[in-house]
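# Geometric and topological summary
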Amino acid sequence: MNEYSTGTSARPTLYTGRRHRVLWVVGVVFSAGLLAPVLFLGAARKGIVPRTVPAGYAAAIYPIALGRQWLPDPGDWISWTLAAVVLTAAVHATLLDTGRTPGG
């Protein structure tokens, strides 16, 4: 069983070093968030985050990205929403290195 609330238990680490952490966060941000669910799926398979995390990011990011193509965007609300979700995913990715998770 995996425990997600413990900080420095015997759970696997996500990053092998600072360079890996930077590449992870850059991948989330510069892919406009589209890589976030895939990267978090890898973390879920290692037992670092619950499996609901990649599903949540996928449910938030992919419809927003598709909505940018098909929905009217007065005031750029779709772009701002996508940016907020992407930044949330990037912050979550960086917090994984310290063993803390948002809201927990």
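Structure: see above.
Residues numbered from 1 in each chain as written. Predicted model: local features only at pLDDT ≥ 70, side-chain atom pairs only at ≥ 80, totals over all residues. Heavy atoms only, no water.

### Remarks on the side chain of H92
Filter applied, for reference: Numbering of helices and strands starts at the N terminus; helices are DSSP runs of H or I of at least 4 residues and strands are runs of E of at least 2. Pairs of N or O atoms within 3.5 Å make up the polar contacts considered here, provided that, within protein, one atom can donate a hydrogen while the other can accept it, and that residues adjacent in sequence are counted only when both atoms are side-chain atoms.
Take H92: it is sitting in helix 4 (residues 77-95). Here Y57 takes part through its side chain, which lies 3.0 Å from a polar atom of the side chain of H92.

### A few points about the packing of aromatic side chains
Worth spelling out the cut-off: Two rings belonging to Phe, Tyr or Trp (six-membered ring only in the last case) form a pair when the distance between their centres is within 6.5 Å. Interplanar angles under 30 degrees mark stacking, angles over 60 mark edge-to-face geometry, and anything in between is tilted. Using a 1.4 Å probe on the protein chains alone, a residue whose accessible area is under 20% of its type maximum counts as buried, one over 50% counts as exposed, and one in between counts as partly exposed.
With the rule as written, the count across this model stands at 2 aromatic pairs. When the ring of W24 is compared with that of F40, the centres are 4.9 Å apart and the planes differ by 85°; the resulting orientation is edge-to-face. Of this pair, W24 sits in helix 1 (residues 18-30) while F40 is found in helix 2 (residues 36-45), placing the two residues 16 residues apart along the sequence. Each of the two residues, W24 as well as F40, counts as buried. Taken together through their ring pairs, the aromatic side chains of W24, F40 and Y57 make up a single cluster.

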